[in-house]
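# Remarks on the overall topology
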Amino acid sequence: MAGFVRELERRAGPALRLEQRAAGGVGCVVWDAALVLAKFLETGACPLARRHVLELGAGTGAVGIMAATLGANVTVTDLEELQELLMVNIENNKHLVTGSVRAKVLKWGEDVTEFQPPPDYILMADCIYYEESLEPLLKTLKDLTGPDTCVLCCYEQRTMGKNPEIEKKYFELLQRDFELEKIPLDRHDEEYRSEDIHIMNIHRKQVSFPS
(Lines give C-alpha, C1' and ligand atoms only; values in the text may rest on other atoms or scores of the structure.)
Protein backbone atom coordinates (compact mmCIF):
# COMPACT_ATOMS: atom_id res chain seq x y z
CA MET A 1 0.00 0.00 0.00
CA ALA A 2 1.38 3.43 -0.90
CA GLY A 3 2.71 5.41 2.00
CA PHE A 4 3.76 9.02 2.26
CA VAL A 5 5.80 10.55 5.04
CA ARG A 6 4.74 13.50 7.16
CA GLU A 7 7.57 15.25 8.98
CA LEU A 8 6.77 16.82 12.34
CA GLU A 9 9.41 19.27 13.49
CA ARG A 10 10.56 19.11 17.07
CA ARG A 11 11.94 21.97 19.16
CA ALA A 12 15.07 19.99 19.91
CA GLY A 13 16.64 17.59 17.46
CA PRO A 14 15.49 15.97 14.22
CA ALA A 15 11.87 15.87 13.11
CA LEU A 16 9.59 12.89 13.64
CA ARG A 17 9.03 11.01 10.39
CA LEU A 18 5.50 9.65 10.31
CA GLU A 19 4.45 7.30 7.60
CA GLN A 20 0.85 7.63 6.45
CA ARG A 21 -1.24 5.47 4.15
CA ALA A 22 -2.91 6.70 0.98
CA ALA A 23 -5.69 4.14 1.39
CA GLY A 24 -7.47 2.97 4.50
CA GLY A 25 -9.64 4.47 7.20
CA VAL A 26 -9.43 7.68 9.16
CA GLY A 27 -6.52 6.39 11.25
CA CYS A 28 -4.06 6.35 8.37
CA VAL A 29 -3.11 10.03 8.21
CA VAL A 30 -1.81 12.58 10.73
CA TRP A 31 -4.78 14.83 11.49
CA ASP A 32 -4.30 18.49 12.40
CA ALA A 33 -5.53 17.87 15.96
CA ALA A 34 -2.74 15.31 16.41
CA LEU A 35 -0.15 17.88 15.31
CA VAL A 36 -1.58 20.49 17.69
CA LEU A 37 -1.60 18.07 20.64
CA ALA A 38 1.89 16.72 19.88
CA LYS A 39 3.30 20.25 19.73
CA PHE A 40 1.40 21.25 22.91
CA LEU A 41 3.21 18.42 24.74
CA GLU A 42 6.50 19.98 23.64
CA THR A 43 5.64 23.27 25.37
CA GLY A 44 6.39 21.49 28.66
CA ALA A 45 2.96 22.30 30.12
CA CYS A 46 2.68 18.68 31.30
CA PRO A 47 5.71 16.96 32.85
CA LEU A 48 6.11 13.73 30.86
CA ALA A 49 9.51 12.35 31.87
CA ARG A 50 9.13 8.85 33.37
CA ARG A 51 5.33 9.21 33.33
CA HIS A 52 3.06 6.37 32.19
CA VAL A 53 1.14 7.54 29.10
CA LEU A 54 -1.57 5.85 27.04
CA GLU A 55 -2.79 7.12 23.68
CA LEU A 56 -6.28 6.12 22.52
CA GLY A 57 -7.14 5.96 18.83
CA ALA A 58 -3.48 6.58 18.06
CA GLY A 59 -3.72 6.14 14.28
CA THR A 60 -0.20 6.95 13.05
CA GLY A 61 1.08 7.27 16.64
CA ALA A 62 2.19 10.91 16.19
CA VAL A 63 1.11 12.14 19.63
CA GLY A 64 2.30 9.13 21.61
CA ILE A 65 5.66 8.97 19.85
CA MET A 66 6.19 12.69 20.54
CA ALA A 67 5.46 12.01 24.23
CA ALA A 68 8.05 9.20 24.15
CA THR A 69 10.67 11.62 22.77
CA LEU A 70 9.93 13.76 25.85
CA GLY A 71 10.80 10.93 28.22
CA ALA A 72 7.40 9.31 28.76
CA ASN A 73 6.78 5.56 28.84
CA VAL A 74 4.05 5.30 26.24
CA THR A 75 1.58 2.71 25.02
CA VAL A 76 -0.05 3.73 21.74
CA THR A 77 -3.32 1.90 21.13
CA ASP A 78 -5.69 1.44 18.22
CA LEU A 79 -7.49 -1.30 16.32
CA GLU A 80 -5.76 -4.39 14.95
CA GLU A 81 -5.65 -3.02 11.40
CA LEU A 82 -3.54 -0.03 12.48
CA GLN A 83 -0.89 -2.00 14.39
CA GLU A 84 1.39 -2.42 11.38
CA LEU A 85 1.42 1.34 10.71
CA LEU A 86 2.07 2.05 14.40
CA MET A 87 4.98 -0.43 14.44
CA VAL A 88 6.50 1.18 11.33
CA ASN A 89 6.36 4.63 12.89
CA ILE A 90 7.76 3.44 16.22
CA GLU A 91 10.63 1.78 14.38
CA ASN A 92 11.29 4.86 12.20
CA ASN A 93 11.55 7.15 15.22
CA LYS A 94 13.02 4.89 17.92
CA HIS A 95 16.39 6.72 17.80
CA LEU A 96 14.58 9.87 19.03
CA VAL A 97 12.78 8.19 21.94
CA THR A 98 14.13 8.99 25.42
CA GLY A 99 11.38 7.12 27.29
CA SER A 100 9.78 4.03 25.75
CA VAL A 101 6.98 3.30 23.30
CA ARG A 102 5.04 0.17 22.35
CA ALA A 103 1.86 -0.47 20.32
CA LYS A 104 -1.08 -2.56 21.52
CA VAL A 105 -4.59 -3.32 20.36
CA LEU A 106 -7.34 -1.65 22.38
CA LYS A 107 -10.92 -1.71 21.15
CA TRP A 108 -13.07 0.85 22.95
CA GLY A 109 -15.65 -0.61 25.29
CA GLU A 110 -13.72 -3.86 25.84
CA ASP A 111 -11.69 -5.12 28.79
CA VAL A 112 -8.76 -2.89 29.80
CA THR A 113 -7.23 -5.05 32.56
CA GLU A 114 -3.89 -5.31 30.74
CA PHE A 115 -3.59 -1.51 30.69
CA GLN A 116 -3.88 -1.16 34.47
CA PRO A 117 -2.80 0.44 36.74
CA PRO A 118 -4.28 3.75 35.52
CA PRO A 119 -1.81 5.84 33.49
CA ASP A 120 -0.66 9.31 34.49
CA TYR A 121 -1.87 10.67 31.15
CA ILE A 122 -4.31 9.58 28.47
CA LEU A 123 -3.87 11.30 25.11
CA MET A 124 -6.63 11.57 22.51
CA ALA A 125 -6.58 13.47 19.22
CA ASP A 126 -9.69 13.67 17.04
CA CYS A 127 -11.40 10.65 18.55
CA ILE A 128 -14.97 12.01 18.39
CA TYR A 129 -16.54 11.64 14.99
CA TYR A 130 -18.70 8.49 15.07
CA GLU A 131 -21.86 8.59 17.17
CA GLU A 132 -21.77 4.82 17.69
CA SER A 133 -18.28 5.01 19.20
CA LEU A 134 -19.17 7.57 21.93
CA GLU A 135 -20.50 5.12 24.53
CA PRO A 136 -17.63 2.60 24.11
CA LEU A 137 -15.07 5.44 24.24
CA LEU A 138 -16.60 6.83 27.44
CA LYS A 139 -16.66 3.37 29.02
CA THR A 140 -12.96 2.93 28.17
CA LEU A 141 -12.12 6.35 29.62
CA LYS A 142 -13.97 5.53 32.84
CA ASP A 143 -12.31 2.10 33.07
CA LEU A 144 -8.80 3.47 32.46
CA THR A 145 -8.73 6.63 34.56
CA GLY A 146 -7.72 6.84 38.18
CA PRO A 147 -8.24 9.88 40.43
CA ASP A 148 -4.92 11.38 39.31
CA THR A 149 -5.10 10.56 35.58
CA CYS A 150 -4.99 13.60 33.32
CA VAL A 151 -6.80 13.14 30.00
CA LEU A 152 -5.75 15.51 27.22
CA CYS A 153 -8.37 15.49 24.46
CA CYS A 154 -7.66 17.54 21.34
CA TYR A 155 -10.30 17.86 18.65
CA GLU A 156 -11.10 19.92 15.62
CA GLN A 157 -14.49 21.59 15.85
CA ARG A 158 -16.38 20.59 12.73
CA THR A 159 -19.51 22.31 11.53
CA MET A 160 -20.50 19.86 8.79
CA GLY A 161 -23.35 17.36 8.99
CA LYS A 162 -23.90 15.63 12.33
CA ASN A 163 -20.53 16.65 13.78
CA PRO A 164 -21.83 19.44 16.05
CA GLU A 165 -24.51 17.25 17.64
CA ILE A 166 -22.09 14.32 18.12
CA GLU A 167 -19.61 16.67 19.79
CA LYS A 168 -22.34 18.16 22.02
CA LYS A 169 -23.53 14.69 23.06
CA TYR A 170 -19.98 13.53 23.80
CA PHE A 171 -19.27 16.43 26.17
CA GLU A 172 -22.66 16.11 27.86
CA LEU A 173 -22.01 12.42 28.56
CA LEU A 174 -18.42 13.11 29.60
CA GLN A 175 -19.48 15.69 32.18
CA ARG A 176 -21.41 13.07 34.15
CA ASP A 177 -18.15 11.57 35.42
CA PHE A 178 -15.43 14.06 34.50
CA GLU A 179 -14.42 17.67 35.10
CA LEU A 180 -13.49 19.51 31.92
CA GLU A 181 -11.21 22.49 31.51
CA LYS A 182 -10.37 24.09 28.18
CA ILE A 183 -6.70 24.94 27.70
CA PRO A 184 -6.51 28.53 26.38
CA LEU A 185 -5.21 29.03 22.85
CA ASP A 186 -2.30 31.16 24.08
CA ARG A 187 -0.92 28.09 25.87
CA HIS A 188 -0.83 26.03 22.67
CA ASP A 189 2.34 25.94 20.56
CA GLU A 190 2.74 29.38 18.98
CA GLU A 191 2.86 27.96 15.45
CA TYR A 192 0.75 24.81 15.67
CA ARG A 193 -2.53 26.28 16.84
CA SER A 194 -5.89 27.10 15.34
CA GLU A 195 -9.09 28.79 16.52
CA ASP A 196 -11.12 25.68 15.69
CA ILE A 197 -8.83 23.11 17.35
CA HIS A 198 -9.40 22.77 21.08
CA ILE A 199 -7.49 20.97 23.83
CA MET A 200 -9.44 19.88 26.89
CA ASN A 201 -7.86 18.90 30.20
CA ILE A 202 -10.13 16.23 31.70
CA HIS A 203 -10.09 14.63 35.17
CA ARG A 204 -12.36 12.19 36.98
CA LYS A 205 -14.81 13.94 39.28
CA GLN A 206 -13.69 13.45 42.85
CA VAL A 207 -16.24 11.42 44.78
CA SER A 208 -16.97 13.18 48.03
CA PHE A 209 -18.50 11.01 50.71
CA PRO A 210 -20.85 12.70 53.20
CA SER A 211 -19.03 13.27 56.49
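In case you missed it, the structure is sitting above this.
Residues numbered from 1 in each chain as written. Predicted model: local features only at pLDDT ≥ 70, side-chain atom pairs only at ≥ 80, totals over all residues. Heavy atoms only, no water.

### What to know about the pattern of salt bridges
To be explicit about the condition: For salt bridges, the criterion is a side-chain nitrogen of Lys or Arg within 4 Å of an Asp or Glu carboxyl oxygen. Numbered from the N terminus, helices here are DSSP runs of H or I no shorter than four residues, and strands are runs of E no shorter than two. Throughout, exposure labels follow a simple rule: accessible area from a 1.4 Å probe, protein chains only, divided by the maximum for the residue type, with under 20% read as buried, over 50% as exposed, and the rest as partly exposed.
Per the counting criterion, the structure on display carries 13 salt bridges. In this structure, K39 and E42 form a salt bridge, with 2.8 Å as the shortest nitrogen-oxygen distance. A residue pair is termed a helical-turn pair when its members lie 3 or 4 positions apart in one helix, as K39 and E42 do in helix 1 (residues 32–42) at 3 residues. Judged by its relative accessible area of 5%, K39 falls in the buried class. Accessibility expressed as a relative area gives 11% for E42, which makes it buried. Taking the shortest distance from any N to any O, the salt bridge between E114 and K104 comes out at 2.7 Å. Of the two residues, E114 is situated in the loop between strand 5 (100–105) and strand 6 (121–125) and K104 in strand 5; the sequence distance between them amounts to 10 residues. Judged by relative accessible area, K104 falls into the partly exposed class, the value being 25%. Three or more residues joined by partner-sharing salt bridges are found here, namely R11, D189 and E190.

### Quick notes on the packing of aromatic side chains
Put simply, the rule reads: Whether two aromatic rings pair depends on their centres lying within 6.5 Å, for rings of Phe, Tyr and Trp, where Trp uses its six-membered ring; planes under 30 degrees apart make the pair stacked, over 60 edge-to-face, and the rest tilted.
Taken as a whole and assessed by the stated rule, the structure comprises 2 aromatic pairs. Ring geometry for Y155 and F171: centres 5.2 Å apart, planes at 50°, overall tilted. In this pair, Y155 is assigned in strand 7 (residues 150–156) and F171 in helix 5 (residues 163–174), connecting sequence segments 16 residues apart. Just as Y155 is buried, F171 falls in that class too. Residues Y170 and F171 carry aromatic rings whose centres are separated by 4.9 Å and whose planes lie at 70° to one another, so their mutual orientation is edge-to-face. Accessibility expressed as a relative area gives 0% for Y170, which makes it buried.

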